[in-house]
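# Remarks on the overall topology
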Amino acid sequence: MFGVGVALLSSFALHAGEPPNEPVLRIDPGEHTSKIKRIATDDAGSYLVTASDDKTAKVWDLSEGRLLSTLRIPISSGNEGKLYAVALSPDGQTVALGGWTQVGDSGSSIFLFDRATGRIKLRLTGDMPGVIIHLAFSPDGYSLAATMGSGGLRLFSVSDGSLIGKDNDYGAGSYSVHFSQDGRLVTTSWDGYLRLYHWMGNTLTLLRKRAIPGGKQPSGARFSPDGTHIAVGFSDTPAVNVLDGGDLSLDYAPDTSGVDAGLSSVAWSRDGATLYATGMAQNQFKGVGQRYIRHWTKSGRGAALDYPVTSNTLMDLVSLPNGRLAFGSVVPSWGVIDSTGKRTLFHASVLANFNSLLNSFTLSSDGSRVHFGYEFPGKSPAVFDIQSHGFLSSDTPGLISPSLSTYGIDVTDWQNTTDPKLNGTPLKLAQYETSRSLALLPDGFVLGTEWKLRAFDRTGHERWNKPAPGDVWAVNASQDGRWVVAAYGDGTIRWHRASDGVEQLAFFPHADKKRWVMWTPSGYYDASPGAEELIGWHVNNGKDQAADFFPASRFHDRFYRPDVLTKLLATQDETEAVRQANEESGRRTQTTSITQVLPPVVDILSPDDGTAVSTATVTVKYFPRTADDAPVTGIRVRINGLAVTLPDERNLAVVKTNGVREVTIPIPAQDNVIQLFAENKNGVSVPATLRLTWAGRKAATEETLFKPKLYVLAVGVSKYQNPDYNLGLADKDATDFAHAFQNQEGKLYSKVSVRLLTNEKASRDEVVDGLDWLQREVTSRDVGVMFVAGHGMNDNAGTYYFLPYNTDLDKLKRTGVAQGDIQNTLNMLAGKAIFFVDTCHAGNALGTGKTRAIGGSTDAFVNELASAENGVIVFSSSTGRQLSQENPKWGNGAFTKAVVEGLNGKAEIGKSGKITHKGLDYYVTERVKELTHGQQSPVSIAPGGITDFPIAVAE
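In short, a report on the structure. (Residues numbered from 1 in each chain as written. Predicted model: local features only at pLDDT ≥ 70, side-chain atom pairs only at ≥ 80, totals over all residues. Heavy atoms only, no water.)

### Here we look at the packing of helix 6 (residues 730-742) against helix 11 (residues 894-906)
Threshold: Fitted lines through C-alpha atoms give the axes, limited to the stretch in contact for helices. The angle between two N-to-C directions lies from 0 to 180 degrees. A helix here means a DSSP run of H or I that spans at least four residues, while a strand means a run of E at least two residues long, and both kinds are numbered starting from the N terminus. Working rule for angles: under 35 degrees goes down as roughly parallel, over 145 as roughly antiparallel, 65 to 115 as roughly perpendicular, anything else as oblique. Any two residues whose heavy atoms approach within 4.5 Å at even a single point are treated as in contact. Under the scheme applied here, ten amino acids are nonpolar (Ala, Val, Leu, Ile, Met, Phe, Trp, Tyr, Cys and Pro), four are charged (Asp, Glu, Lys and Arg), and all others, including Gly, are polar.
The interhelical angle for the contact between helix 6 and helix 11, taken along N-to-C directions, is 10°, at an axis separation of 9 Å. Classified by the angle their axes make, helix 6 and helix 11 are roughly parallel. In contact with Asp733, Asp736, Phe737, Ala740 and Phe741 of helix 6, helix 11 contributes Thr896, Val899, Val900, Leu903 and Asn904. Across the contact of helix 6 with helix 11, the residue classes break down as six nonpolar, two polar and two charged.

Here it is in structure tokens:
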């Protein structure tokens, strides 16, 4: 419930201090990872901004639901940085953010961001003692109102941040502020009063203060578009009242029959004809499982109609043009419904939902294997094994449920209450802290709550507690007494030492059931293909500048350490695990701070994202930020995933004033995605992305002007110079793959050139010559494809090698094909590049084939190759340390069989006649699961900036 949580937080003391300089390791899967407390839109309904407890705000394009940017304020540990309030100026240019936002001053701050660039324009300060609960722009965009958990109302000038007016006379937190078109504003407060003000220029005048019927906790209040009425929703009752907009007298009460809880958020349609309300309520006559938006016609006087939109508590509503309505929820998710209640946009949560896991959250006796469910309540089960870094069968035996009672320890009232008891005696929790989960330890028990993970001894004395990144929905303890493992509301499962509660390991399984990442507190990690971007480092830039985020992929060479994670269970100490792993691999311990090895950051200043263009070139102004001791040494540009050669790369584009640079880029006559990358000695930046809409004359498609050429390098080795390495079907896989693409000549491609290397023809020299051939032949209009099947392995440093026919493992660097040889070729191709790899710990779990791996995993190589700056689409036969299966009955490995079937027409979606890379991905994924009975999971990764395109034509 929104109000209770904020009421508690507003009572905490705010601690002064500068934002920390050290990077903060965080999850960022592209969607929010905690409650979406508030949402906001502009007058035109072009943008939606969501603000979350996860300490970020996200800007979305409402025409497509696409994420435009993530706004990051300076944050610290604990609550500092949680965002409870957001407003978007009427013109859509300025985003205001607030919440638990004290960054070194005596009170809270409000941050004004430029929506287009993501930069902080101004930080508002001044006599704001409580957390910021709600924000609203005036209709002209010149003023901003803020209400707080304590301290009442503040009104600021947006132009210079000066304080226009304030009202401290509030007996409790204020949860809503809203402007009318004619110079009034209304606030709610849990002291039971509504307050009506008039503001003009630098004057704020209280017109009326009135306690209203309906409930003691008025939460949301909104003027009707014409200002004649104010709708009010409550947190403590299901009432909604409509008041006179002048004297706050009750005019009428919409029908709320059948509603079982508070309707704390209200909204009017833009024409005022429809009133909406939502909150924690469910319709008691329609059963549980869905949350509704209640809808009344005739401005609230008409009959009630409920629109089911999600299964989770709804937090906020915002009216959009054309009868649409946007909503945000606690899970977190957000969406848009039309005037009929139909969902037209919906962003579901990307988190595994651990709520109500209870006995479904089971562990192996040593804590190395964990069973959980992706969906509520415990559905879509999965088992992850830390030691093998991969998923096992969901019915893996030997996993144990948490123990809930034993002689002498009887914990009661612990499930979703604020007063759990030990042997009848209340346990000491914070006020309003809700208990969620329980597990016994050999000498006590551990309690998971809304805010903490707490361990107690047998007498109820607290031994330790640790802040929780979300509700502790489930907890378990390993039978050996060494680990406490908790499932949190942010979608993570974390391993804590039972002795002191110190976290040693975290695991995030993405809700797509493909990607996962696992990491230590210092950031050593392992990740499945495509998952390196799910975590990274938040870096503050002081209290007046937006913070930056660097995905883990930017520090792959330093922090990608599966070997460290494998050591953690035995050592229970990250430092010792690193020492042992370094000793075995010959690596040195890294002592340099991340802040000393940061890559650059690129801010695009103009044109705005979504700008319409009709010229053959576009000039992009940008600002590269980098450390003084690491100047920018290069600029890269990709358009729609293809590399662009700049006219004079030595100049790093033209430098203008104050470090602003510009680059003129030729663009094709179509919608385009431009990516800018900056390099320094530490690495390559995260891409700065600009989307341009083509407004000129529509050019004929490439296919009507000319057909591209296709170049295929297919390598498969079944018979090795050393017969101990021999395999079964790798050579046939390469042959069949090549023939499938050869059949496309004269269809999608004007010419298909194939270089097929199998067995003794696939020597190291021949494979390297084939790479040179690809790079030499592929032009910007062509497609280059590489396929490899056979053995692959990683050396002690983690470098991947494909093993050609004449490999000598004692001379791997000289006789193997290193990942750098493949990567450097494919990312330098002038045209589109696609890589198919079937060496991922390959073998046949059915027992009828050979093993296609001597050691290691391709995950790291796949992640590097498919990073945005390389622009390569990668298809991998399996993920993690899975076995890639082959079977003589299929005539191929499972992966290649699916790929060839897909290219020959089975991957066609609908009746388009074409097979796109996304269509092929979908078909291959499902077909391989079918062939292997779910034991193999192929992966496809397309870097950002590459749109779906056809790679074959169906028969």
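### What about the sheet that holds strand 62 (residues 783-789)?
Operational definition: Think of it this way: DSSP has to see at least two bridges between two strands before they count as a pair.
Strand order in the open sheet made by the six strands is 61-60-62-66-67-71, with mixed pairing throughout. Pairing within the sheet leaves two strands with one partner each, and these edge strands are strand 61 (751-758) and strand 71 (939-941). Sheet twist, expressed as the mean angle between neighbouring strand axes with direction ignored, is 10°. As paired elements, strand 62 and strand 66 (residues 832-838) share seven bridges and run parallel to each other. Bridging across to strand 66, Ala789 finds its partner in Asp838. Contacts from helix 7 (residues 764-777) reach strand 60 (709-716), strand 61 and strand 62 within the one sheet, and its direction differs from that of strand 60 by about 170°.

### Some words on the environment of Ala669
Residue placement: Ala669 occurs in the loop between strand 56 (661-666) and strand 57 (672-680). Spatially, the C-alpha atom of Ala669 lies 8.1 Å from that of Thr615, the residues being 54 residues apart in sequence.

### A short note on the pairing of strand 7 (residues 94-99)
As a reminder, the rule being used: Three labels apply to residues, based on accessible area from a 1.4 Å probe with only protein chains included: buried if under 20% of the type maximum, exposed if over 50%, partly exposed otherwise in between.
Burial analysis of strand 7 places six of its six residues in the buried class, which makes it a mostly covered element. Bridge count between strand 6 (residues 83-88) and strand 7: five bridges; the pairing is antiparallel. Of the residues in strand 7, the one forming a bridge with Ala87 is Ala96. Joining the antiparallel neighbours strand 6 and strand 7 is a turn of five residues, in which Gly92 adopts a positive phi near 75°.

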